[in-house]
Amino acid sequence: MREQLRRLWRQIFWAWTPNSDREASEAIVKNLWLHWFPAKIARASMDWNYSFWLGTASASLLLILTVTGVMLMFFYVPSTERAYGSIKDLEYAVSFGRILRNQHRWSAEGMVAVVFIHMARVFFTGAYRGSRSINWLVGIALLLGTLLLSFTGYLLPWDQLAFWAITVGTSIAKEAPVVGASVQYILLGGHEIGQQTLLRFYVLHVFFLPIFVWILFGYHMWRVRKDGGLAALEPMRIARMMRPKETPRTKSYSFFGITPGTSVAVMSSTGLEEEDQVFSSPNLTRRLTLVFLAVFNVTLAAALMFNAPLEGPANPSVTPNPAKAPWYFVWLQELVASTTIRIGPISVSGGFIGGILVPGFLLLLITFWPWFDRSPLKAEGVWFPPERRRQNYTFIGAMVVIVALIFVGVYLRGPYWRIYWPGQARPEMPRLY
Amino acid sequence: MAEPRESYEAKDFGWMVAMSIVLLVLVGISYWREFDTEWGKYQDEFPTVLSHFGRGDDVKAFRPGIRQIWIPKIGVTDRCITCHLGYEWSSVLPASIAEPLTPHSMNPWLAKHEFAKFGCTPCHGGDGWATTVVGGHEGGKGWEDPMLSNKLAAENGLTRGEMMQMRCNFCHRHDVATPGMDEINIAKALFKKKKCIMCHVVEGNGGVTGPELTYEGDKNPELVDFAHVTGPKTFFNWNVQHLKAAETVTPGSQMPDFNMPPDQARAMTLLLLSWRRLSYPPEYIPDPTVAAAAMAAIATPSASPSPTPAAAAH
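In this text, all values refer to a predicted model and were calculated from it rather than measured experimentally.

Criteria and cut-off values
The numbers attached to residues start from 1 for each chain and follow its sequence in the written order. To label them, take the chains in the order written and letter them from A, then take the ligands in the order written and number them from 1. Local features are withheld for residues below a pLDDT of 70 in this predicted model, meaning they are given only at 70 or higher, and side-chain atom pairs are given and counted only at 80 or more; totals for whole chains, interfaces and linings count all residues. Secondary structure counts use DSSP, requiring at least four H or I residues in a row for a helix and at least two E residues in a row for a strand, with both numbered from the N terminus. Residues are defined as contacting one another if the C-beta atoms placed from their backbone atoms lie within 7 Å. In this document the domain limits rely on a domain assignment from an automatic tool or a database. In this count, Pro and Cys sit with the nonpolar residues alongside Ala, Val, Leu, Ile, Met, Phe, Trp and Tyr, while Asp, Glu, Lys and Arg are called charged and the others, Gly among them, polar. Take the residue count of a helix, subtract one, and multiply by 1.5 Å to get its expected span. Axis definition: a line fitted to C-alpha atoms, over the contacting stretch in the case of helices. Angles run 0 to 180 degrees between N-to-C directions. Angle categories are assigned with fixed cut-offs, so that under 35 degrees is roughly parallel, over 145 is roughly antiparallel, 65 to 115 is roughly perpendicular, and the rest are oblique.

Chemist: How do you make sense of the environment of Gly145 of chain A when you look at a structure like this?
Modeler: Residue and element names in this part refer to chain A. Mapped onto the elements, Gly145 comes out in helix H8 (residues 132-155). Sequence separation of Gly145 and Val213 is 68 residues, and the distance between their C-alpha atoms is 6.1 Å. In contact with Gly145, other than residues within four places in its own chain, are Leu209, Phe212, Val213 and Leu216.

Chemist: Would you mind showing me how to read the domain arrangement of chain A here?
Modeler: How big an interface is tends to be stated in terms of accessible area lost as the parts join. Residues and elements named next belong to chain A. For chain A, the assigned domains are domain 1 (1-35) and domain 2 (36-230 + 276-417). One C-alpha centre belongs to domain 1, the other to domain 2; they are set 39 Å apart. Contact with domain 1, which involves eight residues of that partner, is made by nine residues of domain 2. A per-class count over the side of domain 1 that touches domain 2 returns five nonpolar, two polar and one charged.

Chemist: Please clarify how helix H2 (residues 38-52) of chain B should be interpreted in this entry.
Modeler: Note that an α-helix has 3.6 residues per turn; residues three or four places apart therefore point the same way. All names here are of chain B. Counted at 1.5 Å a residue, the expected span for H2 with its 15 residues is 21 Å, and the 22 Å between its end C-alpha atoms agrees. On its buried side, H2 packs onto helix H3 (56-61). Directly after H2, the chain includes Gly54, whose backbone phi takes a positive value near 75°.

Chemist: Can you walk me through the packing of helix H6 (residues 83-92) of chain A against helix H7 (residues 97-124) of chain A in this structure?
Modeler: The description of two packed helices rests on the angle between their axes and on the distance between the axes. Residue and element names in this part refer to chain A. At a closest axis distance of 5 Å, the pairing of H6 and H7 adopts a crossing angle of 115°. As summarised for this structure, H6 and H7 are arranged roughly perpendicular, according to the angle between their axes. Only Gly97, Arg98, Leu100 and Arg101 of H7 make contact with H6, whose side of the interface consists of Asp89, Leu90 and Glu91. Split by residue class, the contact of H6 with H7 holds two nonpolar, one polar and four charged.

Chemist: When you look at the interface of chain B and chain A in this model, what are you seeing that I'm missing?
Modeler: Each partner contributes residues to the interface: chain B has 41 residues there, and chain A has 40 residues. Counting residues per element, the ones that place at least two in the side of chain B that touches chain A are helix H1 (4-35) and helix H10 (235-244) of chain B. A total of 15 residues in the side of chain B that touches chain A trace back to one element, the largest contributor, which is H1 of chain B. Classifying every residue of the side of chain B that touches chain A by side-chain character gives 20 nonpolar, twelve polar and nine charged.

The structure is reproduced here in structure tokens:
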């Protein structure tokens, strides 16, 4: 009876159970969804403290965003007349609509942060060398894709916050030399934000950019495998190569029977040994589920605790004071504002320096960094190796400056773009009545 | 060879159980939030109130859920009635029932302004989409059109009924005078008497000495100078002070000092703020001759300080 019940239970919930680890790993290879995992994975890449599973966290956020985004698409209307109302409906009338939108919003902002921290991790461990440099470029494209996804999504609620943040953002794009005005015209679908802009941003946000990011993500994962797994394995591979190996005993078959001795053999291992690896199933699949669960929980908790911002409906004739870009672009706005020079009535816009020159230079620098890095091979796949100290300090320095600028832009800038220290009274803005 | 399962299973499995429990709790909270609504409590209460006043049959027909007056052609989605359930029960429920179940008062003009045709927010202001007390009455951050409450009206030295006349004038703009809109009527008479049109363009006519006033109510409050204004920092107050003493508020202003008494200045301000860029369909715009005929029927228009019907709204 008990055995029958157990069998029934298995039949209902799990049609098949592997009898050995080998069967389990074969199941992965045969499975359409899991086949892009290797059958075995190195223990070193399972380490929490090397990668912090930031790539998996980014992918989890992408999945959460895709699923919540598709659900939001059932309610959202990309028209200037109805967009704002459809967000209000989600907030107040749709079942679980507010939680859905909150989770989408916080996952989006979280993804920008996590993808950037993931890049910082790769930089600090020097994991972009050799053939991995291509994946570094793919990663930069994915970071830009993430930023664009977030930026295009920012406009969709069509409230004052969205309208003016996109005004600020696209005005920065206009400062680019030669192509600037055309880029802004193409983005806006005209000379000012309107229905065309909303439709363009919507199509980019729900179709082109997600497809771009998903395809590139697939390639990113494939490259990780083809480049030999995480760079954390490189120090181990070097160690394995150095390790003296026992000469394997071989047999040779001759006309006169078996001849003892040795034949040609590989004397040092270049790959990983059996003891360095574990089966991907269940070790990796379980870990991925765990990371996904943790990320999902964090985003859901954030969705329950904090409401996504929604201000009054977009009003082109009333500019909020101050109008700010989304936080991940506010450091550029801060640069633009602080490089704008005013002498009497003459004003020289900092749009080019802050909006184009500095971010463009940083982007070029980070793109070609793998080819500038001349540190020895042993500095690869290790956190903060002494050989790369100066590089890492440079990166940290740039990060600190950017984070400081974001902090100033988000928390200290008040009306008229003046600095207000915490606790300092901000001027009361006039109301209608 | 080490047994591969040993190394991660115990630890990861423990964490996974923990995370699953957290997920379960969070999903539980989501459901609790979904069903524990502010309006749910009032909807639980309303059938009891109805049956107390002998409307047992209506209790049976009562279905809980979000309610709204939806009028797409004037952009109205008013969910106010999700909580203000008694609004059309004035014949059954006494006015003494506590908000939000209080019935709407039977104003004389309600016959011409049916709930189904006008909704709530065109007259009262506020965020009709919202289904929470704060969200609906005040709107969120940056909401420019809060509900005209007693408190808000008192802050501007008016009663709620007087303040609401500003919104009546959204449609009644072209009436010379309208019954029940005493404040606006005073202002319209003053506007003519003081010959404002000599210096200001309104709807294409007028002098160009002063700024155009056609859409004065849409002006961004941040664009006027509050340096010489005493009292609250509102566009309403700026207008009141400016009408009293233009040159004090705006140094160098050529506007004559009308020395307007405060009540006249407030009435004038209501009129100015009612001039907004609105697009109501033609059937919503009243024929001025109808109001004129109604005014003629009343013996002494705007002379007696009797309480306006709007003031008696609740």
